Amino acid sequence: GDSAGVYGYATFSDGTSSVIASTDLVVTSLTDSLYAIQGGVSQPAKVNIAFGAIYGCDELVRLEWKVCDLVVASDTAPVFLNLPLPIGLTITSPQARLTSPVDQSSQAPVSVKTSATITATVDYDSGAAADFSLDARTTITLDAASQTCATVLHRTVSMMDNATCSEITVLVAVPWYGLAQNLTLPVVYLKQLYVYATPYPTYSGSSSKGMGTLHKIDCTAHYQHATPAAYAILTDATQYTVTSATSFTSTSPAVISTSGVGLGSRLRGTSVGSATITATWAEALSEPFEVVVTDDEVAISSLQLATNGLSGFDTLTGVTGTTKSTRVQVIFDDGTQFTNFFTRVDWIPTSDLLAFTSSTPTAASISTQGVITLHDNHYEYITMTVISACDSEMMNARTMAANLAAGVGDVDLGNKLGVQFDQAGDTVEVPVRINADGLLKNFQIDIDIDDSVFEAAACDMGAQWTGMWSCTLNDPANKVTIIGNDADSAFSGSELEVAIIYLTVKSSALSPIGGRVVELTQYVNGVGSRADSSVIVAGDGFVNVGQTNARRLSAVRDVRRLQQALQLAAMPQRRQLEASAFATEEIIRLVKTEWQMTSDCDATNDVLGDLDGDGLFTSYDVFAASIVFNGIALNAVSYEALCPVIQLRLNANLDASFGMADLRYLLLTAARKLHFVSNVNTTADAVVAGSTGELGFFVTLRNSEGVAVTSQVGIRAEISYLASESAAVYSVGSTAGTSPTGYWLPH
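Criteria and thresholds
- Residues numbered from 1 in each chain as written.
- Predicted model: local features only at pLDDT ≥ 70, side-chain atom pairs only at ≥ 80, totals over all residues.
- Heavy atoms only, no water.
- Helix = DSSP H or I, 4+ residues; strand = E, 2+ residues; numbered from the N terminus.
- Rg over C-alpha atoms; globule rule 2.2 N^0.38 Å.
- Buried < 20%, exposed > 50% of the residue type's maximum accessible area, 1.4 Å probe, protein only.
- Disulfide = S-S within 2.5 Å.
- 1 Å grid on protein atoms, 1.4 Å probe; cavity = no way out; pocket = protein on both sides within 12 Å on 5 of 7 lines; lining within 4 Å.
- Points joined across faces, edges and corners; volume = space filled by probe spheres on them.
- Nonpolar A, V, L, I, M, F, W, Y, C, P; charged D, E, K, R; others polar.
- Salt bridge = Lys/Arg side-chain N within 4 Å of Asp/Glu carboxyl O.
- Phe/Tyr/Trp six-rings, centres within 6.5 Å; stacked < 30°, edge-to-face > 60°.
- Lys NZ or Arg CZ within 6 Å of the ring centre and 35° of its normal.
- Expected span 1.5 Å × (residues − 1).
- Core = buried A, V, L, I, M, F, W, Y, C linked by side-chain atoms within 4.5 Å.
- Contact = heavy atoms within 4.5 Å.
- Pairing = 2+ DSSP bridges.
- Axes fitted to C-alpha atoms, helices over the stretch in contact; angles between N-to-C directions.
- pLDDT = per-residue confidence, 0-100.

Novice: Can you explain the overall build of the chain? Please cite residues and give values.
Specialist: The helix and strand inventory of the chain stands at six helices and 53 strands. In terms of C-alpha radius of gyration, the chain reaches 51 Å, well past the compact-globule figure of 27 Å for 747 residues. Its C-alpha atoms put the chain at 170 × 100 × 50 Å along the principal axes. Classification of the 747 residues of the chain by burial places 46% in the buried group.

If you want it as structure tokens, here you go:
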């Protein structure tokens, strides 16, 4: 607390005065509210406010002037202790009530406390307050009646084991201030323990339905189950659920058996009869609760089938073998229900109560346990039905689309959600999507259609491809070929849209659409991977179409192109060409160890464009050519150093060099839009000045398979003829006019 210096002054008979040295003064406090500290050579004597000091104003300090241990003079000094006045005492405890340590109400989950902590607070007129709970001036005792039920130690009141009091009165006083106050704490005990049963399994609202009777479940041999609960009522009328710490027993286990403990407890109806159920909690036994089991049936009044994990448009999608579980809500005519039959209804075999059917099990089947398995695409929605095994008229159905998704390296055709294909006006739109788990570099896909039902009317590049691309329609009429190549591609994903095909409906039919993956090359973690040719799995399916005068191709295609433009605008810019984009071990090995040989470079086959020597010309050879092209651009490969055979197969346009035009020519040849020129001959023996002898011009064309082409082809040539004033007459072929220089342009 505060302190004050004490000084002594001596006045002599001659009227003079002098300060008395601190070492000659003895200071004594005349009150417990102050304590004195004697002075020294360099500091005066002091009085300090003591702990517990109270308000006061009086002669509270005595001074003595001693010389040679003799008191020369003495005096007292007034001190005003300006301290706040105590005006009240407040007694509190965090425990609102108590119980005996041996009473069940002290046990979890009720957990009434058996001791209380007392807090005594003194309030002052200044508005301040001080905790006096541990102050030596504070006394905490019990009244006479309470002393038979509890004890006090320091500030803690503890109940006795044999306590029967209904309340405990705590007496608290601070005599120093003349303050006293009492605190009364109620004492409670367990009054009643009883059992109640509700439906099992639980559902929203089940807690309000009592289950004193367990019925037979419809036509089955099984009875209802119930969820028991135990409730404790205390002497102050408060009620607690104590099920979590309770066990239950049955007097007739053959009628009703019990299983589980605590919140996992269950009453299982087993046979007709009655049984008494009792609960034990904290060694207390409940009142008996009687439950009856009867053969009276509760019938199914409602079924509701739902499926877990369907995609948009109620689509069951995934690879072949994908499974989805179902949920079946069963409601009975007594108001009880199974929210989901497949969870917690473990005593009724599914087939005893429910049956399941699929309208198209070859595409999507459903097991006796309600598990749906995807097998194939289907052209219309499939109906899954749950049926009561007791009443075939009681059923509920759910429709869904079966639509396969492509596995890695496979191709998906048509819609991602809903049925695989649908008709819009006179058009069926067929998006083509590739599942590439690496960077997609090259692909060649053949799509097969029935040309008596469809005409392949148009084809657009997909939103997830920006490299070299070609789509060949109607060559032949039942096939669409899509080729893409980009050694610098950074596209990767399970649904890379590379093309959209538009089919115009010619006749009504249920028609197949499928195809084959001819080539698919991707880089996974920097390593090139070329897939074997395979049949399309996810994209193979049927479409049910009919002739219509509704929306035409142009409208359908315009909508799709708008969607594509938005997708492309959101895509990042392609990265610049880098050596790592094409430096695969396979191609570099070919270029370095085989293609650059200048001697002994014999061809292993006669297939033009075949760079990898497998006897086929496909989009993969275009990919190999694009790597060489990039290598030349980066000065990593020299065209002139390559084998003559390789040079010939790269130089598709026969201009004795290799460039982008050749790369494009190779791509279009693989797509059957161009053909290789393998031989050019002329016969001019009959051509003599002034004669009408024929000039023969013969060209041999070979397709991507190396076979000479004789149909569905055309050639154009430019023949230099100096006498341009004479027009050519064609016995075979026709004229396209003349060039700006006057040369003939036969075709």
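The structure having been displayed, the exposition proceeds.
Novice: How would you sum up the state of the cysteines? Please name residues and give values.
Specialist: Enumeration over the complete set of coordinates arrives at three disulfides. Cys149 shares a disulfide with Cys165; S-S distance 1.8 Å. Taking the sign of the S-S torsion, 80° for the link of Cys149 and Cys165, the bridge is right-handed. Of this pair, Cys149 sits in the loop between β13 (139-142) and β14 (150-153) while Cys165 is found in the loop between β15 (156-159) and β16 (167-174), placing the two residues 16 residues apart along the sequence. Assessed through its relative accessible area of 2%, Cys149 is described here as buried. Each sulfur in the disulfide pair Cys459 and Cys471 lies 2.2 Å from the other. Classification of the bridge connecting Cys459 and Cys471 rests on its S-S torsion, roughly 100°, and on that basis the disulfide is right-handed.

Novice: An account of empty space enclosed by the protein is requested, with residue identities and associated values reported.
Specialist: What the rule picks out here adds up to one cavity of 30 Å³ or more. If you go around the largest cavity, you meet 14 residues; those closest to its centre are Tyr200, Gln224, Phe332, Thr336 and Phe338. Counting residues per element, the ones that place at least two in the lining of the largest cavity are β18 (190-200) and β32 (337-338). By residue class, the composition of the lining of the largest cavity is 10 nonpolar, four polar and no charged.

Novice: Could you give an account of the pattern of salt bridges, naming the residues involved and the relevant values?
Specialist: Following the criterion strictly, the structure yields 11 salt bridges and no others. Arg62 serves as the salt-bridge partner of Glu64, at 3.6 Å between the closest nitrogen and oxygen. Taking relative accessible area as the criterion, Arg62 reaches 31% and is therefore assigned partly exposed. Its salt-bridge partner being Arg97, residue Asp236 comes within 2.4 Å of it at the nearest N-O pair. Of this pair, Asp236 sits in the loop between β20 (225-234) and β21 (239-241) while Arg97 is found in the loop between β9 (86-92) and β10 (115-117), placing the two residues 139 residues apart along the sequence.

Novice: Give a description of the layout of surface pockets that names residues and reports values.
Specialist: Over the atoms rolls a probe the size of a water molecule, and in doing so it shows where empty space is left. Taken as a whole, the largest pocket spans an internal volume of roughly 1,000 Å³. Lining the largest pocket are 31 residues, and of these Glu694, Leu695, Val729, Tyr730 and Trp744 lie nearest its centre. Those elements that provide at least two residues to the lining of the largest pocket are β51 (696-702) and β53 (744-746). In terms of residue count, β51 provides more of the lining of the largest pocket than any other element does, four residues in total. As a volume, the second largest pocket reaches approximately 560 Å³. Around the second largest pocket sit 25 residues that line it, and Gln444, Ala670, Arg672, Ser704 and Glu705 are the ones nearest its centre. The set of elements that each furnish at least two residues to the lining of the second largest pocket consists of β41 (439-448) and β46 (509-524). Sort the elements by how many residues they give to the lining of the second largest pocket and β46 lands first, with three residues. Among the residues making up the lining of the second largest pocket, the classes are represented as seven nonpolar, eight polar and 10 charged.

Novice: Give a detailed account of the packing of aromatic side chains, specifying residues and quantitative values.
Specialist: All chains considered together, the criterion is met by 17 aromatic pairs. Where Tyr200 meets Trp347, the ring centres are 6.1 Å apart and the plane angle is 45°; that geometry is what we call tilted. Here Tyr200 is found in strand β18, whereas its partner Trp347 is found in the loop between β32 and α1 (350-353), with 147 residues between them in sequence. For Tyr200, a relative accessible area of 11% gives the class buried. Grouped by ring-pair contacts, the aromatic residues Tyr200, Phe332, Phe338, Phe341, Phe342, Trp347 and Phe356 constitute a single cluster. The positively charged end of Lys441 is found above the aromatic ring belonging to Tyr523, 5.2 Å away from the centroid. Directly above the aromatic system of Tyr620 lies the positively charged group of Arg530, at a separation of 3.9 Å from the ring centroid.

Novice: Please give an account of helix α4 (residues 619-633) that cites residues and values.
Specialist: The end-to-end C-alpha distance of α4 is 21 Å, a good match for the 21 Å that 15 residues give at a rise of 1.5 Å each. In terms of burial, α4 is a largely internal element, 12 of the 15 residues being buried. Every buried residue of α4 is accounted for by Ser619, Tyr620, Asp621, Val622, Phe623, Ala624, Ala625, Ser626, Ile627, Val628, Asn630 and Gly631.

Novice: Please set out the nonpolar core residue by residue, giving values where relevant.
Specialist: Counting 35 residues, the largest nonpolar core has Phe443, Phe454 and Ile482 as its most contacted members. Those residues in contact with Phe454, other than ones at most four positions away along the chain, are Val428, Ile449, Leu503, Thr504, Val505, Lys506, Ser511, Ile513, Val543 and Val545. Residues Ile217, Val298, Leu303 and Ala538 belong to the second largest nonpolar core, which totals 33 residues.

Novice: Go over helix α6 (residues 660-670) with me, naming the residues and quoting the values.
Specialist: In terms of burial, α6 is a largely internal element, eight of the 11 residues being buried. Listed as buried for α6 are Asp662, Leu663, Tyr665, Leu666, Leu667, Leu668, Thr669 and Ala670. On its buried face, α6 is in contact with β41, β43 (468-473), β44 (479-485), α4, α5 (644-650) and β50 (676-683). Note on α6: the residue one or two positions beyond its end, Arg672, has a positive phi of about 65°.

Novice: Can you lay out the sheet that holds β10 for me, pointing to particular residues and giving the numbers?
Specialist: The strand order across the open sheet built from three strands is β10-β15-β14, with neighbouring strands paired in antiparallel fashion. Two strands close off the open sheet at either side, each with one partner strand: β10 and β14. Adjacent strand axes in the sheet meet at a mean angle of 20° when their direction is disregarded. Bridge count between β10 and β15: three bridges; the pairing is antiparallel. Along β15, the bridge assignment pairs Ser115 with Ser158.

Novice: Which residues make up the confidence of the model for the chain, and what are the values?
Specialist: On average, the chain scores 89 in pLDDT, and the residues at 70 or more come to 91%. Taken as a whole, residues 571-584 scores under 50 in pLDDT and shows 32 contacts with residues more than four places along the chain or in a different chain.

Novice: Could you give me a rundown of the environment of Trp347, with the residues and numbers involved?
Specialist: Take Trp347: its relative accessible area is 12%, and that puts it in the buried class. Residues Trp347 and His222, spaced 125 residues apart in sequence, show a C-alpha to C-alpha distance of 7.7 Å. Contact partners of Trp347, with chain neighbours within four places excluded, come to Tyr200, Pro201, Ile217, His222, Tyr223, His225, Arg266, Arg268 and Phe338.

Novice: Tell me what's going on with the pairing of strand β25 (residues 273-281), and back it up with residues and numbers.
Specialist: Two strands pair when backbone bridges link them, and strand β22 (residues 246-250) and β25 are joined in this way by five bridges, in the antiparallel orientation. What sits directly across from Ser250, in β25, is Ile277. Pairing geometry for β25 and strand β27 (residues 289-298), over five bridges, is antiparallel. Across the sheet, residue Thr276 finds its bridge partner in β27, namely Glu290. Direction of pairing for β25 relative to strand β26 (residues 284-285): antiparallel, over a ladder of two bridges. Its bridge partner being in β26, Thr280 is matched across the sheet by Leu285. With antiparallel pairing between neighbouring strands as the criterion, β25 and β26 make up a hairpin whose turn holds two residues, including Ala282 at a positive phi of roughly 50°.

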